Amino acid sequence: MTKKKYAALLRGINVGGSKKVPMAELRSVLEGLGHGDVQTYLQSGNAVFTSGEGDPVALARALEAAIEAHFGFFVPCLVVDGDYLRAVAEACPFPAAELEGKQLHATFCSAQPGPERFAALDAPAFLPEEYRVGDRVLYLYAPDGLGRSKLGEALARPAVVKGLDVTTRNWNTVAKLVELTRA
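Before going into details, it helps to say that this report is about the structure given with it. (Residues numbered from 1 in each chain as written. Predicted model: local features only at pLDDT ≥ 70, side-chain atom pairs only at ≥ 80, totals over all residues. Heavy atoms only, no water.)

This paragraph deals with the packing of helix α1 (residues 23–32) against helix α2 (residues 56–71). Where α1 contacts α2, the axes come no closer than 10 Å and their chain directions differ by 125°. The orientation of α1 with respect to α2, classified from their angle, is oblique. The crossing of α1 and α2 is right-handed. Only L63, A66, I67, H70 and F71 of α2 make contact with α1, whose side of the interface consists of E25, L26, V29 and L30. Residues of the contact of α1 with α2, tallied by class, amount to seven nonpolar, one polar and one charged. (Axes fitted to C-alpha atoms, helices over the stretch in contact; angles between N-to-C directions. Helix = DSSP H or I, 4+ residues; strand = E, 2+ residues; numbered from the N terminus. Parallel < 35°, antiparallel > 145°, perpendicular 65-115°, else oblique. Left-handed = near helix turned anticlockwise from the far one by under 90°. Contact = heavy atoms within 4.5 Å. Nonpolar A, V, L, I, M, F, W, Y, C, P; charged D, E, K, R; others polar.)

This is how it looks when you write it as structure tokens:
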């Protein structure tokens with residue numbers, strides 16, 4: 001059986017004292033699901049692992065169930081493979097190499113967001129901040145960082161993300177996950 005490298009992106013853990021998920025325990029949960037070569041990156045819910053399961057959605061649902069069983073609370077998870085992460089990095093419409101990691105972000109989406117989600121968004125009003133839609137990802141250029149980004153707030157509104165599982169990573173994290181999922 002061929003094993004593939006995946007990244008699990010957990011949403012909203014270890015922020016402000018709620019939904020605490022120690023990385024050592026997350027690694028144990030992933031290993032308990034039968035995954036190999038488990039590594040975590042930072043405390044913000046990034047894990048890399050190998051699995052023979054070929055369906056990232058099934059992997060995400062199994063991880064969500066295991067986390068809820070272990071920790072007692074639900075955490076939305078997206079699972080993506082290394083090929084997809086590399087494609088996201090290569091397709092970046094902004095000059096990633098010229099920017100600080102905190103200026104560029106990728107919001108990963110569980111499904112492709114259609115143009116109707118952005119119809120009410122007055123993108124020029126947010127300049128110099130900009131966004132672009134990619135393959136199940138939103139690229140966000142926020143020169144002052146995500147914490148101060150008005151466009152980032154607008155892109156997180158229910159009108160844009162309703163019905164999607166989304167989670168955002170800065171470009172430094174995206175680059176590291178690409179590196180960690182290389183075959």
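After that view, the rundown keeps rolling.
It is worth spelling out the state of the cysteines at this point. Counted according to the given criterion, the structure contains zero disulfides. Left without a disulfide partner, C77 is nearest to the cysteine sulfur of C109, which lies 16 Å away. Residue C92 stays outside any disulfide, its sulfur separated by 15 Å from that of C109, the closest cysteine. Accessibility expressed as a relative area gives 13% for C92, which makes it buried. (Disulfide = S-S within 2.5 Å. Buried < 20%, exposed > 50% of the residue type's maximum accessible area, 1.4 Å probe, protein only.)

Take the environment of A123 next. Tracing the chain through its elements places A123 in the loop between β5 (104–109) and β6 (130–133). In this structure A123 comes out as partly exposed when scored by relative accessible area, which is 28%. As a C-alpha pair, A123 and E31 span 92 residues in sequence and 43 Å in three-dimensional space.

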